[in-house]
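Letter by letter, the chains look like this.
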Amino acid sequence: MDQALDKVIQGGLDAIEAGDLQTALDAVDEAAKQVGENHVRVLHLNGMIAWSEGRVDNAAGYLMQAVDLGEAYPEVYLDCAECLFIHGDDLDEAEAVVRALLEHESIAADDPARDEAKLLLAQIRLDDDDTEEALELLGQVQAKMKVHPAYLSTYGAVMMALGRNDEAVKSLEAAVLAAPEDPDFHYQLGLTREAAGDREGSAEAMLHVLELDAAISKADAAADADEDGEDLDEELSDEAKAELIRTFEEVLEEIPDPVLKRIAHAPVSVQRRATPEQVRGGVNPRSAVAFVGAPKTGDAAGDLQQIVIIHDLLLAMIDDDEEIPEVFVVGIIDELRRFFDESMGVVSVED
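Residues numbered from 1 in each chain as written. Predicted model: local features only at pLDDT ≥ 70, side-chain atom pairs only at ≥ 80, totals over all residues. Heavy atoms only, no water.

1. Things to note about the side chain of H104
Item 1. On the secondary structure map, H104 appears in the loop between α6 (91–102) and α7 (112–127).
Item 2. In contact with H104, other than residues within four places in its own chain, are G70, E71, A72, Y77 and R114. (Helix = DSSP H or I, 4+ residues; strand = E, 2+ residues; numbered from the N terminus. Contact = heavy atoms within 4.5 Å.)

Right, here's the structure in full:
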């Protein structure tokens, strides 16, 4: 029974990884027939299906039920903790699940899952601003884990949080070499190089992000072509652009005058995505609002020439149009900090 169940469950998980949800749904039905809907493996597979479909609350519910059964399946704990960490509002829940795995007596001390758990716990503690414990946890993993790109990325983030930017850059460069097709590592490297004062190196990394993100978007669109026929190269209509600009200008009306004077003169436009030239000039390829021009450097004040709304990124950040103003506010704040190198007290924009 166990071998048959293992085969069905693993087939379902592999199908999720391949984007074949129908096969995954068939697998969960078959597994439920064998052991019932409330078996830990069935709950886990149901949770992963829900997560892949974007039903995060359902996914967390299934995965927490699976964890509560207390059985020695490390992947159940790790997937549950990761889901809670990425999508949850309470870091304590994610941390509790990881610590339960580390305290599980039935899981061998040399099980690789313990290293994965310590790495995930380090990420959680770092997110909770406990860099010292995060660094301590990273020091506890086995040597073979320390060449994994996820470890190198996390170590780089810890070094950056500690102000050790040179070490952070070195670790993230190693992560990129280990996983050159992962845009997230390039993105983290770009942010770290910028923090270290290497704007040229940051732009180089961000150009890779722009290229890799575009390739992923095109692949996803091609996979969905039969459903909606979306064309990523199709020009936006004038009406769609005008509507976004109107919403953006309404947000600007709520900005305090000292801040508004800095940016009110710049024309606002809409693009589907940033251009390589804009990224070379310092634009973040993952920001829905981009200030284009010459950012402040040393004694030279920033020269803002244009504000660009990045349409495709904006849509990826929202569930409905009511969230657009909030995204614009966050984008404006981030760009004010980047472009003019100061916060300018813009927190009041959200009031």
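2. Observations concerning the pattern of salt bridges
Item 1. The tally for this structure, following the rule as stated, stands at 18 salt bridges.
Item 2. For R125, the salt bridge identified is with D128, shortest N-O distance 3.0 Å.
Item 3. On the accessibility criterion, R125 (10% relative accessible area) is buried.
Item 4. Sharing partners across several salt bridges, the network here consists of E95, R99, R125, D128, D130 and E133. (Salt bridge = Lys/Arg side-chain N within 4 Å of Asp/Glu carboxyl O. Buried < 20%, exposed > 50% of the residue type's maximum accessible area, 1.4 Å probe, protein only.)

3. Thoughts on the packing of α7 against helix α9 (residues 149–161)
Item 1. Put simply, α7 and α9 touch, their axes get as near as 10 Å, and they point 25° apart. The angle between α7 and α9 places the two elements in the roughly parallel class. Crossing geometry of α7 relative to α9 is assigned as left-handed. Residues L119, A122, Q123 and L126 of α7 touch α9, and the partners they reach there are A150, Y151, T154, A157, V158 and A161. (Axes fitted to C-alpha atoms, helices over the stretch in contact; angles between N-to-C directions. Parallel < 35°, antiparallel > 145°, perpendicular 65-115°, else oblique. Left-handed = near helix turned anticlockwise from the far one by under 90°.)

4. Concerning unusual backbone geometry
Item 1. If you check the backbone angles, D129 has positive phi at about 70° while not being a glycine.
Item 2. Within the element layout of this structure, D129 appears in the loop between α7 and α8 (131–139).
Item 3. Classification of D129 as exposed rests on a relative accessible area of 69%.

These figures capture arrangement, not role.
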